[in-house]
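What the coordinates show
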Amino acid sequence: MTSARFEELEKRCAKLKKTRIIRIVFIIASLFLVGFGSYYWMSHSTSKSLVPAVAPMPQIVPIQTPVVENNESNESVVNEEQNPSQSTDDEILFLAPHIYKNDAKLPLDETQAATRSLSHEQQLLKRYNTMQNFDNAYALAQFYFEQKSYLEVVTWAKEASRHNSRSEKPWILYAKAKFYLGDRAEAIRSLELFLSYINSKEAEELLIFYKGQE
Amino acid sequence: MKDFEAAKEFFKDTVDPSFYFDSISAEIARNNLKEAIGDPSIPLIFIIGDPGVGKSHIMRVMHYSSAVAANSVLIEHPFFDPRDLFKELYEARGMPFDKNKTQGEFMDELFEAYVGTLCTIFIDEAQLLNDDQFEFLRILSDTKLFQFVLAMHKDEGMALLAKKQFKTRSKLVIEYGNLDENEILRYIHTLFMGHTHGEIAMMFSKNEARVIARYAKGNFRMIKKFLYTLMKLLDYAQKKGLSKYRKLNSCLLTMAALDIGLIHD
């Protein structure tokens, strides 16, 4: 055994040791990342399914870009709907903290109904994202109206109207939503605005009804 | 001062039939061979295993054992001409060999010389024999005067045994396995203790044996090679006064494995 050979082996050994350490660190880091990722994914998916059950608020659906139209009434609508969504942010954080995910015990019926509703909503959103047209947007507005999520109704009624401005249906839903949100004046104004362009018996009857509620 | 220089000599790649290590595989093989040798109902014995597991060693051990030596022939390298085998058999009986005779004459003379006795012929590296030579061995074994012990590599041995002419014959197949870590440790301790190198023997614990087993995959020849290199490294470190290598450590074991190419960086 020569000195040169011994030293060479020593160096190779040190190099090998270093490589092994790096490999071990890499494996540990990978395992940690996979573990953490799985945990995050599991906790995230669990909390997501509980949100509608605890607080079936419209805030969980991403707010669509508001329609820019030439009338003032719509501009005011945008401002109005953004403000409530900001004000309810705290509420969402409070209602869906992770600490409740395991303790939340809802009645079975409610849980099932919420799950069904969420599934339907996801389906409608998916359909709209696949094909952005009047029918899909109006279906979402209708869905939120049934769910009494009136802020969402406003958004999706406007979206539906953007695709077909001559249809009375989104305007009527919009007016109803505004009325239920307590903004009777805006409901009347929007119906009047629509009727000044297009004749609609249903819109007219609704306008008369709202005016009679004074 | 430990004598690593002398210790490394035990691990030179030579076959010394005077030394026998009773590993599980070796013991099984030895007992089976002891029972089968001399039994005319088993004309063919196959010892199969990976290269370096100890097939050649057990053949020599058995050949030189007093019970068999008088009536056995060891052929360390396969013959390429049947006359080479005849020559060995003639010489074993002290008969003059004339290579110009025909195969029939050889056979007649050998039958006369060997009649009444069962001669055991050990052939090492038998995987190198061709089909004709195997057929020749088969014919000889059918005379019930010769018994063949054939050592060959595992893959070739399995392929040969699957052949029709051997499939139906009565034979004994002994498969030689590798050493596990406990056997390796026992081997090292036995060898060093038996040669008054107790201090060196004590340097090895189960951990070192496990590492050696992992690097050498339990192959006996590779273990010897590994230990030879390790002794060289320890000898160098001791002569140069390298305190870091006064005891066995993982680095020394890795260096030995690197030196003989068991691992690559």
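Residues numbered from 1 in each chain as written. Chains lettered and ligands numbered in written order. Predicted model: local features only at pLDDT ≥ 70, side-chain atom pairs only at ≥ 80, totals over all residues.

Quick notes on the overall build of chain B
- Along the backbone of chain B there are 14 helices and five strands.
- Burial statistics for chain B: of 265 residues in total, 35% are counted as buried.
- In chain B, of all internal contacts separated by at least 6 residues, the share reaching a separation of at least 24 is 77%. (Helix = DSSP H or I, 4+ residues; strand = E, 2+ residues; numbered from the N terminus. Buried ≥ 20, exposed ≤ 12 C-beta atoms within 10 Å, placed from the backbone. Contact = placed C-beta atoms within 7 Å.)

Structural notes on the overall build of chain A
- On a plain count of helices and strands, chain A comes out with nine helices and zero strands.
- Starting at the N terminus and ending at the C terminus, chain A contains elements arranged as α-α-α-α-α-α-α-α-α.
- Taking contacts inside chain A between residues at least 6 apart in sequence as the whole, the part at least 24 apart equals 58%.

Quick look at helix H10 (residues 181-194) of chain B
All names here are of chain B.
- Taking 1.5 Å of rise per residue, 14 residues should cover 20 Å, and H10 covers 20 Å from first to last C-alpha, within 8% of that figure.
- Residues Glu183, Ile184, Leu185, Tyr187, Ile188 and Phe192 constitute the buried set of H10.
- Once H10 finishes, Thr196 follows within two positions and takes phi at roughly 50°, a positive value. (Expected span 1.5 Å × (residues − 1).)

What to know about the confidence of the model for chain A
All names here are of chain A.
- Here chain A averages 77 in pLDDT, and 71% of its residues register 70 or above.
- Of all helices and strands in chain A, the one with the weakest mean pLDDT is helix H2 (residues 72-87) (47), whereas helix H5 (residues 134-146) scores best (91).
- Here residues 51-82 is modelled with pLDDT under 50, and outside its nearest four sequence neighbours on either side it reaches 50 contacts, counting other chains as well.
- In this model residues 84-89 is a low-confidence stretch, pLDDT under 50, and it forms six contacts with partners more than four residues away in sequence or in other chains. (pLDDT = per-residue confidence, 0-100.)

Some points on the interface of chain A and chain B
- Contacts between the two partners involve eight residues from chain A, matched on the other side by nine residues from chain B.
- Considered class by class, the residues forming the side of chain A that touches chain B number five nonpolar, no polar and three charged. (Nonpolar A, V, L, I, M, F, W, Y, C, P; charged D, E, K, R; others polar.)

A short note on the environment of Ile212 of chain B
All names here are of chain B.
- Examined against the element boundaries, Ile212 turns out to sit in helix H12 (residues 206-216).
- Taking C-alpha positions, Ile212 is 7.6 Å from Leu253, a pair spaced 41 residues apart along the chain.
- If we skip the residues at most four places from it in the chain, Ile212 touches Ile184, Ile223 and Phe226.

Focus: the confidence of the model for chain B
- Confidence in the prediction of chain B, expressed as mean pLDDT, is 87, and 98% of residues score 70 or more.
- Under the prediction, the complex receives an ipTM of 0.72, its pTM being 0.58.

Quick word on unusual backbone geometry
- Although it is not a glycine, Lys148 of chain A sits at a positive phi angle of roughly 65°.
- With respect to the helices, strands and loops of the structure, Lys148 of chain A is situated in the loop between H5 and helix H6 (150-163).
- You can call Lys148 of chain A exposed: it has 12 C-beta atoms within 10 Å.
- For Lys217 of chain B, which is not a glycine, the phi torsion comes out positive at approximately 55°.
- Looking at the secondary structure, you find Lys217 of chain B in the loop between H12 and helix H13 (220-240).
- Judged by the 13 C-beta atoms lying within 10 Å of it, Lys217 of chain B falls in the partly exposed class.

Structural notes on the packing of helix H4 (residues 108-130) of chain A against H5 of chain A
Residue and element names in this part refer to chain A.
- The interhelical angle for the contact between H4 and H5, taken along N-to-C directions, is 160°, at an axis separation of 9 Å. With respect to H5, the axis of H4 lies roughly antiparallel. Considering the relative orientation of H4 and H5, their crossing is left-handed. Counting all contacts with H4, which are made through His120, Glu121, Leu124, Leu125, Arg127 and Tyr128, the residues of H5 involved are Asn136, Ala137, Ala139, Leu140 and Phe143. (Axes fitted to C-alpha atoms, helices over the stretch in contact; angles between N-to-C directions. Parallel < 35°, antiparallel > 145°, perpendicular 65-115°, else oblique. Left-handed = near helix turned anticlockwise from the far one by under 90°.)

Notes on the sheet that holds strand E2 (residues 72-75) of chain B
Residues and elements named next belong to chain B.
- The strand order across the open sheet formed by five strands is E2-E3-E4-E1-E5, and the pairing between neighbours is parallel. Looking at which strands have only one partner, the edges of the open sheet turn out to be E2 and strand E5 (171-175). On average, adjacent strands in this sheet sit at an angle of 15° to one another, irrespective of strand direction.
- Note that strand E1 (residues 44-49) and E5 share five bridges and pair parallel. In the strand pairing of E5, Ile45 is matched with Leu172.
- Where helix H2 (residues 24-36) meets the sheet, it contacts E1 and E5, and its direction lies at approximately 165° from that of E5.
- Packed on one face of the sheet, helix H7 (residues 131-142) meets E1 and strand E4 (146-153) and runs near 150° to E4. (Pairing = 2+ DSSP bridges.)

A few points about the nonpolar core
- In terms of nonpolar packing, the biggest core is built from 63 residues, with Ile47, Phe148, Ile184, Ile223 and Phe226 of chain B touching the most fellow members.
- In terms of residue count, the dominant contributor to this core is H13 of chain B (nine residues).
- There are two domains that each give this core at least three residues, and those are domain 1 (4-15 + 179-259) and domain 2 (24-175) of chain B.
- Apart from the residues lying within four places of it in its own chain, the contact partners of Phe226 of chain B are Ile212, Tyr215, Ala216, Ala256, Ala257 and Ile260 of chain B.
- Among the nonpolar cores identified, the runner-up in size contains 27 residues, and Leu124, Ala141, Leu173 and Tyr174 of chain A belong to it. (Core = buried A, V, L, I, M, F, W, Y, C linked by C-beta atoms within 7 Å. Domains from an automatic or database assignment.)

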